[in-house]
Each structure stands twice: as C-alpha cells, then as structure tokens.
There are 2 protein chains.
Amino acid sequence: MSIRNSLARPRVAVDSVLFAVERGRLKCLLVQLQRGALRDKWAFPGGLVRTGEQLDDAAIRELHSTTGLSRAYLEQLFTFGDPRRDPRGHVVSVAYMALIADPGEVQPPAGKYAASQWFEVSRLPPLAYDHQLMADYALRRLKAKLGYTNIAYNLLPKVFTFAQLEELYAAILGRPLDRRNFRRRILGMGLLRELSAKRRGRHRPAALYRFARRVPQVIEVL
Amino acid sequence: MSIRNSLARPRVAVDSVLFAVERGRLKCLLVQLQRGALRDKWAFPGGLVRTGEQLDDAAIRELHSTTGLSRAYLEQLFTFGDPRRDPRGHVVSVAYMALIADPGEVQPPAGKYAASQWFEVSRLPPLAYDHQLMADYALRRLKAKLGYTNIAYNLLPKVFTFAQLEELYAAILGRPLDRRNFRRRILGMGLLRELSAKRRGRHRPAALYRFARRVPQVIEVL
DNA sequence: CCAAAAGTGTTGGCTCTACACCCATGA
DNA sequence: TCATGGGTGTAGAGCCAACACTTTTGG
C-alpha cells in the first residue's frame, strides 16, 4: 500500500445512477472523465462529500453541478468500499439511484466532466471504477421496487395514460406485459386517480391518470 | 459548524447490529460506551475504518475486538451520514447486520467498552447516536429476508429440528406460525436436507435437518 | 371506411390459510 | 399410562396468468 494511502483517511464520496425513460427505453446518464488515469472513461456523476454535509445533499449537489437538475427522486443503494476501487486512493462511495421524468431536463456539464450522455441501460459502455456494479445494483433495485411501491411516479409526467405507464414498466422490466392484467393489478393497488379529461389525438381518446400521492409509498402485500 | 468539523474530512465508520436467538427470543448485542459525552450510553459495536481496509473487514475487526467472534454472517444495511449524528464530528457510518447461532460465543469486551450485553429486541434501552434507526432498519431487513432467502441458517446450529426452525421464525417475525403451513412452505423451498438421525429425548424423537447449502441463497419467487 | 390505439372478462390452475387429531417416546 | 412435544391432510378462498375481440377516434 502506498504511503499516501496509509496516511490519508478514507474519503467519502457519493455517486448517482440517474435513470429516465425515453421513447420506451430505460436510459441512464454517464459522464466522461476529464482528468487522471481514467481520462475519457465513462462513469456515473459523483464526487466527495463535504464536511458537515448530508449524504443526500452531496448527491443532489453533484447531480446539480453536472446536469443542472435541482431536484430528483433519490434513494441510497449501497456503499462501495474496496480500497482499490479508485486508483487515486481509498474512497468509500455511497451509491444512489436517481430518477427523473424527462431526460431533456439534463444540461451539458459545466466543467468537471468532458461530456455527459444518456445510454440505454442494456448497452452501456465499459465503466470506470466499480460503476458497473453500481449499475447492476441500481437496476435490480428499480425493477424490484416497481412491484411494490409507487416509485414509477418519479419517471412519468404528472398526467399520463395507461399506455405510458405500461410502456414504462415494460421498459424497466425488459419484457412485455399483458395489458389487461397490468391494468387490473395497478388499479388494484389504488395508487392512481383517473382524471375527467382525456388525451385527444389521432385515435381513440385515452383516459388520463395521475398518481394519487406523489410521495414514496409502499403497498402492503400482506 | 465548528472549526474542527469544517477542517476535518468526514470519517468513515462501521457499526454492526449483531443478532442471535436465545430461548425463542430475538436478541441483539449492545455495548456500553466508556468515554466521551455519551459515556454509559448503549450502542452497537463499531469503529472507524482504516485506510486500505475493506468495509466488511472493518466490521469483522470491530466485532472481533469487542466480542471475540472471528466470523459471523455480515450484510451491509445502510449508510448513515447526518453530520450531527456523532457529537464528536462528522462520521459517516456504514451499518451492518451480523448474525450468529449462539449468543454464548460472545466474550466480554476487552478495553474499548465498559460492558456488553444481549437485549431483547423488543426491549432495547435508549441508544446513542442514531442507533435506534439502525436497529429498526436491521430488524426490518431481517424479517424480510427470512421470507425469501435461506438467511436463517446463520442463526441456527448446523443440525436442528423443525420445531427449532419454527421457533426462530416466530421469534423474529414476532407472531406464531401455523406448524403445518410452515413446514410445507419451508420444505417447498427445497433448502433443507432431512438427516437419517433423530434427536432423542424425553418425547417422540424429532427428525433432524440441516440446510442443504450454508451459503447465501435467494429463492426465486417468480 | 380504414388504421391505430384504447378498452374490456372469464376461466383454470395454483397458492395460501385455516383448522384438529394421532403418534412416539421416556419417565 | 401419562405428559410432552412431533408429525400429518384437506377444503375453500383468493390470486394470477393466459387469452382476443370490440370501441373510438381522426384522417
């Protein structure tokens, strides 16, 4: 172990796996590193936690500084602590999952990173650090929570059709769903409110829904 | 914020919620703090992560130094990062759940703590730091994982009877279980091997079982 | 009237729960 | 023979998956 490592205390960082769904595809945001041994490699946006700062606040701050986002659904996933995970030294990283409804909200990065880009989750480039582990972990968590929480509201506009909701679930789960069974199950959870307005377009108007509560909520499975 | 806080980087610690079942009661181990503002308060054993050290190794090391245990099932739970959670400064703590089969394996602490003691989970004393949150989190996780993993093998001797297994589940879930349904469900998971030997005693001999695999395993629910 | 998307029910299999009595043993 | 804990089956309810046609609209 290098002298540098053995003298410095482990540092604390946060990294965020930011998901959004675009045209029926689940995507996540990667940034391209600008400096250091890993230059030009892709990674999730993140950075060191400041003294006196909450972990969630650090995650938001780093997300904001690289995407311009001022809010997103955030959920802590797991903490990665292998002392060799970062070639620059021992950095313990708290991984987060972040969700937004519209990938278009993200602005190009200011200065810390060379670029940022949405990638389809099933086609990620090779990732720096242990970020592939984070990606796997985040996807697993997201899939699981679709089934027993209202977490999907973070990935949809306030008002949406059942077809949009179904497309979202199918995109994340990676398989098609039966429309009738899906509708029954979702309505059975009692999370949605049907609106009186309809979406009009070229075809038969679709009923519009919103989530009854846009607040994290677990459905008791009993 | 104090000068001390704003200069020092956040430190990284681990804390372990160690569970064991004793005579049908779920218990967890608390240690009594010896120094500082929180002297005499109860808390979970833990301490700072060293540079170059894996988080799991730090958790084991701290457990070992306060209990003499050299191995235990360990699972990372959640990372607590409120900068005010420790009055001595900003300490980010990675919480673990630890499981052992026999509370008797634990030795009195060497020097760091004033005392250690098993407490029934439903009757914990007031805890230092944010350790009550850790306790809640750990218990929730343990309950949940009983249902879809073989995690219980960590809390039982290698060989056991169905009655012991049922008592374990009942103790953790905090409610009685139907013996026939329980047996059917567990056997349906295919995790157990029945041994040819029987436990003999005052009454009808009980069939003995062991876990087919004493390795973490998730049962596909499909 | 045609294309496209929205909306709607039923059936069979499976799973889960509730529930009570007999068995094997040592003392 | 008795006390004690071990072991077993069934029926009804609820849940889930599979499955295809009709409706509504704009162009």
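Residues numbered from 1 in each chain as written. Chains lettered and ligands numbered in written order. Predicted model: local features only at pLDDT ≥ 70, side-chain atom pairs only at ≥ 80, totals over all residues. Heavy atoms only, no water.

Can you help me understand the sheet that holds strand S8 (residues 160-161) of chain B in this one?
Hydrogen bonding along the main chain pairs the strands of a sheet, whether they run parallel or antiparallel. Residues and elements named next belong to chain B. With antiparallel pairing, three strands are arranged side by side in an open sheet as S8-S10-S9. Lying at the two open borders of the sheet, with one neighbouring strand each, are S8 and strand S9 (192-199). As paired strands, S9 and strand S10 (residues 206-211) are joined by five bridges and run antiparallel to one another. Within S10, the residue paired with Leu 192 across the bridge is Phe 211. (Pairing = 2+ DSSP bridges. Helix = DSSP H or I, 4+ residues; strand = E, 2+ residues; numbered from the N terminus.)

Would you mind showing me how to read the interface of chain B and chain A here?
When the parts of a complex come together, some accessible area is lost, and that lost area is often taken as the interface size. In this assembly, 26 residues from chain B lie in contact with 26 residues from chain A. Carbon and sulfur atoms make up 60% of the area that chain B and chain A hide from each other, which totals about 2,100 Å². Between the two partners, chain B and chain A, sit zero salt bridges. Listing elements by their share of the side of chain B that touches chain A, those giving two or more residues are helix H1 (3-7), strand S1 (11-22), strand S5 (73-80) and strand S6 (91-99) of chain B. Top contributing element to the side of chain B that touches chain A by residue count: S5(B), with four residues. Here the residues of the side of chain B that touches chain A are counted per class, giving 11 nonpolar, nine polar and six charged. (Contact = heavy atoms within 4.5 Å. Buried area = accessible area lost by both parts, 1.4 Å probe. Salt bridge = Lys/Arg side-chain N within 4 Å of Asp/Glu carboxyl O. Nonpolar A, V, L, I, M, F, W, Y, C, P; charged D, E, K, R; others polar.)

How do you make sense of the protein's contact with DNA strand D when you look at a structure like this?
In the neighbourhood of DNA strand D, 21 residues make up the surrounding shell, with Gly201(A), Arg202(A), Arg204(A), Arg179(B) and Ala207(B) lying closest. Within the contact set of DNA strand D, a base oxygen lies 2.7 Å away from a side-chain nitrogen or oxygen of Arg204(A). One nitrogen or oxygen atom from the side chain of His203(B) is found 3.0 Å from a base oxygen belonging to DNA strand D. Listed by contribution, the elements that provide at least two residues to the surface near DNA strand D are helix H5 (179-189) of chain A together with helix H5 (179-189) and S10 of chain B. Ranked by residue count, the leading element in the surface near DNA strand D is H5(B), at four residues. The residue makeup of the surface near DNA strand D, split by class, is five nonpolar, four polar and 12 charged. (Near = heavy atom within 4 Å. Polar contact = N/O pair within 3.5 Å; in protein donor to acceptor, adjacent residues only side chain to side chain.)

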